[in-house]
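Survey of secondary and tertiary structure
In case you want the letters, here they are:
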Amino acid sequence: MDQTPTGVASPLSRAEYKWRRVLLDRVNQYWIDGVLAQLLHTQTPIELCLEERADYVPNPLREIEEVSSASRKVLSADASVTDIFEDIGAGRTLLILGDPGAGKTVTLLKLAKSLLARTENDLSQSLPVVLNLSAWAKKRQPVADWLGQELYELYEVPKPLGKRWVERQQLILLLDGLDKVEARYRDECVNALNQFIAAHHSTEVVVCSRIRDYENLCQPLQLHSAICIRPLTLQQIDRFLESDGKALATLKRDIKQNADLQELISSPAMLSFVSLAYQDCSVDMILQPATAEEQRQWLLDTYIDRMLTRRGVTQQYASEQIRRWLIQIAQRLEQSSQTVFLIERMQPNWFQRKRPRIRYRLESGLLIGLIFGPIFGLLYGLRDGLL
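For clarity, every value in this text was computed on a predicted model and none was experimentally measured.

Conventions used here
- Residues numbered from 1 in each chain as written.
- Predicted model: local features only at pLDDT ≥ 70, side-chain atom pairs only at ≥ 80, totals over all residues.
- Heavy atoms only, no water.
- Helix = DSSP H or I, 4+ residues; strand = E, 2+ residues; numbered from the N terminus.
- Buried < 20%, exposed > 50% of the residue type's maximum accessible area, 1.4 Å probe, protein only.
- Contact = heavy atoms within 4.5 Å.
- Areas by Shrake-Rupley, 256 points an atom, 1.4 Å probe, with all protein chains shown as cover.
- Axes fitted to C-alpha atoms, helices over the stretch in contact; angles between N-to-C directions.
- Parallel < 35°, antiparallel > 145°, perpendicular 65-115°, else oblique.
- Left-handed = near helix turned anticlockwise from the far one by under 90°.
- Nonpolar A, V, L, I, M, F, W, Y, C, P; charged D, E, K, R; others polar.
- Pairing = 2+ DSSP bridges.
- Polar contact = N/O pair within 3.5 Å; in protein donor to acceptor, adjacent residues only side chain to side chain.
- Arc of directions from axis to C-beta.
- Core = buried A, V, L, I, M, F, W, Y, C linked by side-chain atoms within 4.5 Å.
- Salt bridge = Lys/Arg side-chain N within 4 Å of Asp/Glu carboxyl O.
- Right-handed = clockwise from strand over helix to strand, strands pointing away.
- Phe/Tyr/Trp six-rings, centres within 6.5 Å; stacked < 30°, edge-to-face > 60°.

**Some details on the overall build of the chain**
Along the backbone of the chain there are 15 helices and 7 strands. Residues counted as buried form 40% of the 387 residues belonging to the chain. For the chain, restricting intrachain contacts to residue pairs at least 6 apart in sequence, the fraction spanning at least 24 positions comes to 74%. As displayed, the chain offers around 21,900 Å² of accessible surface, 54% of which is attributable to carbon and sulfur atoms.

Structure representation (structure tokens):
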């Protein structure tokens, strides 16, 4: 295997330069503009509190009492994930942990954004690429093979080039969703990642996971550092609510009176979710549920209604029909171990009824025929003419 060190500047061929630019542009398009910007644009920014967790990564000195007592360290409020990652040094590897909705994906994508900006100024550096580990469970290949396939399927990088980038350790792997790998395959995935890291020690790797799922693994990831995103404090929640002035006055009142609601909004995702449901709601508009489950259902229904009407676009379909489709898509994503809906990864079996499945196959076949039919016709015509 070619073990060319990562980040070594060398002259790039025109084709290499082109594909490096293409990859950066697509990572930016899919993840920064398509996911991060959408997540941040509806929310007032919340400064997350990060905690260093040395106890979640291997440490040969852990048995020493002085070292083990310092395994948890709350970082300063101005500590960014980019600074933490850069401080690790050459061959950086980092684990990002947190509860559901804590902001793991946002934290990962903020790191991706800063790495992309750095690489765009010097395309000979290692290439940041965001991938979701849930896709690994489909074939459970060696990680090097899986990376080449994902680069081809998701970013359309030619397979020989993707393989060369992996072998020469010219990628920074930003891997989201270890907890989204099916539970029965999760330890196998960790083992495959550890084998890859051992064989590609210059490749920089960042992995995200829910903290509870990570704690249930049989073995840890062989990474250098780990950070955990701490739950929001009441002071952070108060600052967030104050930033919206009177629009969330009713929510502020209910938080003080409802311990279940207070616990529910301890993550940035749920705080944003609940805030949108409560936006500009007066006291008489809020359902007074008898149980926590009824409250969650009211919040979900209200949130969906807000999302369907907030853009002011006339709906072509009834709200109930849209909800059914969203539920079906969510179920299919769960069944196929996907966390991001990509239309090119839809399968015919996603449709419940026979007619849409047949139509999907026919339209896909027609599209392929329209694209490749003229090409094959031209080739065969040239062949016959030459003969």
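**Considerations on unusual backbone geometry**
With phi around 60°, Glu156 is a residue other than glycine that occupies positive phi space. Phi at Gln169 is positive, roughly 55°, even though this residue is not glycine. Inspection of the secondary structure assignment puts Gln169 in the loop between α6 (159-167) and β5 (171-176).

**Details of the packing of helix α10 (residues 249-257) against helix α12 (residues 268-278)**
Contact geometry for α10 and α12: axes closest at 9 Å, N-to-C directions at 120°. Comparing the axis directions of α10 and α12 gives the class oblique. With respect to the hand of their crossing, α10 and α12 are arranged in right-handed fashion. Seen from α10, the contacting residues are Thr250, Leu251 and Asp254; seen from α12, they are Val274, Ser275 and Tyr278. A class-by-class count of the residues in the contact of α10 with α12 yields 3 nonpolar, 2 polar and 1 charged.

**Concerning the sheet that holds strand β1 (residues 50-53)**
Read across the sheet, 7 strands follow the order β2-β1-β7-β3-β6-β5-β4 without closing on themselves; strand pairing throughout is mixed. Two strands bound the open sheet, and with one partner strand each, they are β2 (72-74) and β4 (127-132). Strand after strand, the sheet turns through a mean of 20° between neighbouring axes, direction not considered. Sheet analysis places strand β3 (residues 93-98) next to strand β6 (residues 204-210), joined by 6 bridges and oriented parallel. Bridging from a neighbouring strand, Leu95 pairs with Val207 of β6. Relative to the sheet, helix α5 (residues 143-155) contacts β4 and β5, its axis offset from that of β4 by approximately 90°.

**Remarks on the environment of Ser124**
Secondary-structure assignment places Ser124 in the loop between α4 (104-120) and β4. Residue Ser124 is classed as buried on the basis of its relative accessible area, which comes to 10%. At 2.7 Å, the side chain of Ser124 and the side chain of Asp122 are in polar contact.

**Regarding α6**
Inspection of α6 places Leu161, Gly162, Trp165 and Val166 among the buried residues, and these make up the whole buried set. Viewed along the axis of α6, the buried residues span an arc of 140°, placing them on a single side of the element. With respect to the buried face of α6, the exposed residues turned more than 90 degrees away are Pro160 and Lys163. Two residues or fewer past α6, Gln169 is found with a positive phi of approximately 55°.

**Comments concerning the nonpolar core**
By size, the foremost hydrophobic cluster in this structure holds 74 residues, and its most contacted members are Leu23 and Tyr155. No other element matches helix α1 (residues 14-41), which puts 8 residues into this core. In contact with Tyr155, other than residues within four places in its own chain, are Leu23, Arg26, Val27, Tyr30, Trp31, Val129, Val130, Leu131 and Glu150. Grouped together as the second largest cluster of nonpolar side chains are 18 residues, Ile265, Ala277, Trp298 and Leu299 included.

**Some thoughts on the pattern of salt bridges**
All told, the structure shown has 18 salt bridges when counted by the stated rule. Among the ionic pairs, Glu51 bridges to Arg230, the shortest N-O distance being 3.4 Å. Placement of the pair is Glu51 in strand β1 and Arg230 in the loop between β7 (225-229) and α9 (234-242), with a sequence separation of 179 residues. We note a salt bridge from Arg92 to Glu86, for which the minimum N-O separation is 3.2 Å. A relative accessible area of 27% means that Glu86 is categorised as partly exposed. Shared partners join several salt bridges into a network, and the residues in it are Glu51, Arg53, Asp55, Arg72 and Arg230.

**Focus: the pairing of β6**
Of all 7 residues that make up β6, 6 are buried, and the element is covered over most of its length. The pairing of β5 with β6 spans 4 bridges and is parallel. Counted as the bridge partner of Leu174 is Val206 from β6. Where the polypeptide runs from β5 across helix α7 (residues 183-199) and back to β6, its parallel neighbour, the crossover connection is right-handed.

**So, the packing of aromatic side chains**
Under the defined criterion, the tally for this structure stands at 3 aromatic pairs. When the ring of Tyr30 is compared with that of Tyr155, the centres are 5.6 Å apart and the planes differ by 20°; the resulting orientation is stacked. Of the two residues, Tyr30 is situated in helix α1 and Tyr155 in helix α5; the sequence distance between them amounts to 125 residues. Taking 6.0 Å as the distance between ring centres and 80° as the angle between the ring planes, the aromatic pair formed by Tyr56 and Tyr214 counts as edge-to-face. Linking Tyr56 in the loop between β1 and α2 (65-68) with Tyr214 in helix α8 (residues 211-215), this pair joins segments that are 158 residues apart in sequence. For Tyr214, a relative accessible area of 5% puts it in the buried group.

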